[in-house]
Amino acid sequence: MNNNKLCAKDFITIGIFTAILIVVEFLCGLLGYIHPYIVASYVVMIPLVGAIPMMLFYTKVEKFGMISLMSVLIAIIMFVLGMGYLGAPLIVAAGVIADLIAKFGKYKSFKKTILSNGVFSLWICANYFPVIVTADSYRQDLIDEGYSTEYCDNLFGAINGKTIAVLLILCFVFGCIGAVVGKKAVKKHFEKAGIV
Amino acid sequence: MRMKLDPRTKLYMVLMVSMVVLMPAATSLLWSVRLLITLFPIILLISGKRYKSAVRFLIFYGIALVLTFFVLKKEMQGILAAVLIGYCGIVVQFAPAIITAWYCVRTTKIDEFMSAMQKMHMPDGIAISLAVVMRFFPTIKEEYGSIKDAMKMRGISFGGGNALKMVEYRMIPLLFSCVNIGDELSAAAITRGLGGNVKRTSVVELKLRLWDILLMVLFTAALGVFVYNKYFG
């Protein structure tokens, strides 16, 4: 494809990988209700597990807009699943920046892909957003909804204005590590099989 | 009784329910509203002959509700209680959104969805990608089931207790089949003229009927009650 416009095939690729990523997120998310510290550890878990589909996705990205569109879709689905709309601008911002970084490498440079995946992983942190911005009322909401006070104390101890910086950095770092691991997996399985 | 709703109504319902689940239900009035909007998609699932998922959701939601209201107390200690409280909390809180979304996904045909999107003037990119996402959740579930069967046949169940292997053994075959399905899907889509420059026509005529309007009003009212209670009550 020579022209830079996205075509139906690209949209379908985006849809498939978004669906896989959401499933990964959802399965990891279910674990979070055991203990709030696991909620904080999403920043490690999801980038690592999600990296394999993401790296496979990156091998298929050739035009600007695919990663951005994926982040828009994630934002929509997160909203529908009840995560709220506060994180949506952040998710889209992470997606667009990741897209730009990858574009600088012409979607071929592996170093840029690592960085790009790191930035893209920040969408996970967007889900913490309501916890930080509307901390007090959100806490009350959670207690009203039947969460134990202990859970809330732990949750807000683990995620607040101070720890968010650490979480963001962790998320970025593990996004990058995930990219390296994922790339290995893609090489091991998919390039040999001739799919990429 | 067979009720066919317009896809736009279904999407509207999903939107409204997602807003509602963001807000806590503290009083019994709010609880009954929330129960009502959860029961509606279940009834609709039954009328759409999706008995299995309807029953599953009903039991799942019912157990969580009973546990939350009658069995679990906030003062309960111990890990099991904490896990149960957490899970019941999440089910009670988010199940309405998930049930409605599931209803929307399982009963909307892709061509109906596309033509609804076209009528709402959604950009093609978002419409096609969303349609694929919608179609793909059931596919992923199916493929995953086959992978599990294949693993069982070879006697691999947990990847030898190695977390990394566990992920790898499941993820890689799943990605393989998804990529293949994706290629087939794009071929099928291009055959049907997706991505062309002309305006596509649709076999299904979408029309808002009385039912659609009634349901929209009902769900808007449900959201209204919650908003009123949260900000003015």
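Predicted model, so just to flag it, every value in this text is computed and none were measured.

Asker: Where do I start with the nonpolar core in this structure?
Answerer: Note that soluble globular proteins tend to have their nonpolar side chains buried in a common cluster. Core analysis: the largest hydrophobic core is formed by 87 residues, its most contacted members being Phe57(A), Ile67(A), Met70(A), Ile74(A), Phe120(A) and Tyr128(A). Not counting the four nearest positions on each side in its chain, Phe120(A) is found in contact with Leu21(A), Met54(A), Tyr58(A), Ile67(A), Met70(A), Ser71(A), Ile74(A), Ala94(A), Gly95(A) and Ala98(A). Met23(B), Val33(B), Val92(B) and Tyr103(B) belong to the second largest nonpolar core, which has 33 residues in total.

Asker: Whenever I open this one, helix 6 (residues 110–120) of chain A confuses me. Can you help?
Answerer: Structurally, the α-helix is built with 3.6 residues per turn, so residues lying three or four positions apart point the same way. Residues and elements named next belong to chain A. Residues of helix 6 that are buried include every one of Thr 113, Ile 114, Ser 116, Asn 117, Gly 118, Val 119 and Phe 120, and no others. Contacts made by the buried residues of helix 6 are with helix 1 (8–31), helix 3 (42–60), helix 4 (66–80), helix 5 (88–104), helix 7 (123–126) and helix 11 (163–193). N-cap assignment for helix 6: the residue whose side-chain oxygen lies 3.5 Å from the backbone N of Lys 111 is Ser 109.

Asker: Please clarify how the interface of chain A and chain B should be interpreted in this entry.
Answerer: The parts lose accessible area when they come together, and the size of an interface is often stated as this lost area. Across the contact, 49 residues belong to chain A and 49 residues belong to chain B. Counting the contacts that link chain A with chain B gives one salt bridge. Run the count over chain A and chain B and you get two residue pairs in polar contact (both at pLDDT 80 or more). The set of elements that each furnish at least two residues to the side of chain A that touches chain B consists of helix 1, helix 3, helix 4, helix 9 (135–144) and helix 11 of chain A. Counting residues per element, the side of chain A that touches chain B draws most heavily on helix 1 of chain A, at 17 residues.

Asker: Help me understand the packing of helix 3 of chain A against helix 4 of chain A, please; the structure alone is not making it clear to me.
Answerer: When two helices pack together, you describe them by how their axes are tilted relative to each other and by the distance separating the axes. All names here are of chain A. The interhelical angle for the contact between helix 3 and helix 4, taken along N-to-C directions, is 140°, at an axis separation of 11 Å. Relative to helix 4, the element helix 3 is oriented oblique. Between helix 3 and helix 4, the contacting residues are Met 54, Phe 57, Tyr 58 and Lys 60 on the first element and Met 66, Ile 67 and Met 70 on the second. Within the contact of helix 3 with helix 4, the residues separate by chemical class into six nonpolar, no polar and one charged.

Asker: Could you clarify how one ought to interpret the packing of helix 1 of chain A against helix 4 of chain A in this entry?
Answerer: All names here are of chain A. At a minimum axis distance of 10 Å, the contact between helix 1 and helix 4 shows a crossing angle of 45°. Taken together, helix 1 and helix 4 sit at an angle that is classed as oblique. Considering how the two elements wind past one another, helix 1 and helix 4 form a crossing that is right-handed. Contacts between helix 1 and helix 4 involve Asp 10, Phe 11, Thr 13, Ile 14, Phe 17, Thr 18, Leu 21, Ile 22 and Glu 25 from the first element and Met 66, Leu 69, Met 70, Leu 73, Ile 74, Ile 77 and Met 78 from the second.

Asker: Help me out: how do you make sense of the confidence of the model for chain B in this one?
Answerer: Detail in the predicted coordinates should be disregarded across regions flagged by low pLDDT. Mean pLDDT over chain B stands at 81; residues scoring 70 or higher make up 90%. By mean pLDDT, helix 4 (residues 79–107) of chain B is the weakest element of chain B at 78, and helix 1 (residues 7–20) of chain B is the strongest at 88.

Asker: It is not clear to me how the pattern of salt bridges should be interpreted in this structure. Could you clarify?
Answerer: Where charged atoms of side chains with opposite charge meet at close range, the side chains can pair. Evaluation of the coordinates by the stated rule reveals three salt bridges over all chains. A salt bridge links Asp183(B) to Lys9(A); the shortest N-O distance between them is 3.6 Å. Of the two residues, Asp183(B) is situated in helix 7 (residues 163–191) and Lys9(A) in helix 1; the pairing between them involves two chains. Residue Lys9(A) is classed as partly exposed on the basis of its relative accessible area of 39%. The closest approach of N and O atoms between Lys63(A) and Asp10(A), which form a salt bridge, is 2.8 Å. Taken as a pair, Lys63(A) in the loop between helix 3 and helix 4 and Asp10(A) in helix 1 lie far apart in primary sequence, 53 residues in all. Overall, the relative accessible area of 10% leaves Asp10(A) in the buried class.

Thresholds, definitions, all that
- Residues numbered from 1 in each chain as written.
- Chains lettered and ligands numbered in written order.
- Predicted model: local features only at pLDDT ≥ 70, side-chain atom pairs only at ≥ 80, totals over all residues.
- Heavy atoms only, no water.
- Core = buried A, V, L, I, M, F, W, Y, C linked by side-chain atoms within 4.5 Å.
- Buried < 20%, exposed > 50% of the residue type's maximum accessible area, 1.4 Å probe, protein only.
- Contact = heavy atoms within 4.5 Å.
- Helix = DSSP H or I, 4+ residues; strand = E, 2+ residues; numbered from the N terminus.
- Polar contact = N/O pair within 3.5 Å; in protein donor to acceptor, adjacent residues only side chain to side chain.
- Salt bridge = Lys/Arg side-chain N within 4 Å of Asp/Glu carboxyl O.
- Axes fitted to C-alpha atoms, helices over the stretch in contact; angles between N-to-C directions.
- Parallel < 35°, antiparallel > 145°, perpendicular 65-115°, else oblique.
- Nonpolar A, V, L, I, M, F, W, Y, C, P; charged D, E, K, R; others polar.
- Left-handed = near helix turned anticlockwise from the far one by under 90°.
- pLDDT = per-residue confidence, 0-100.

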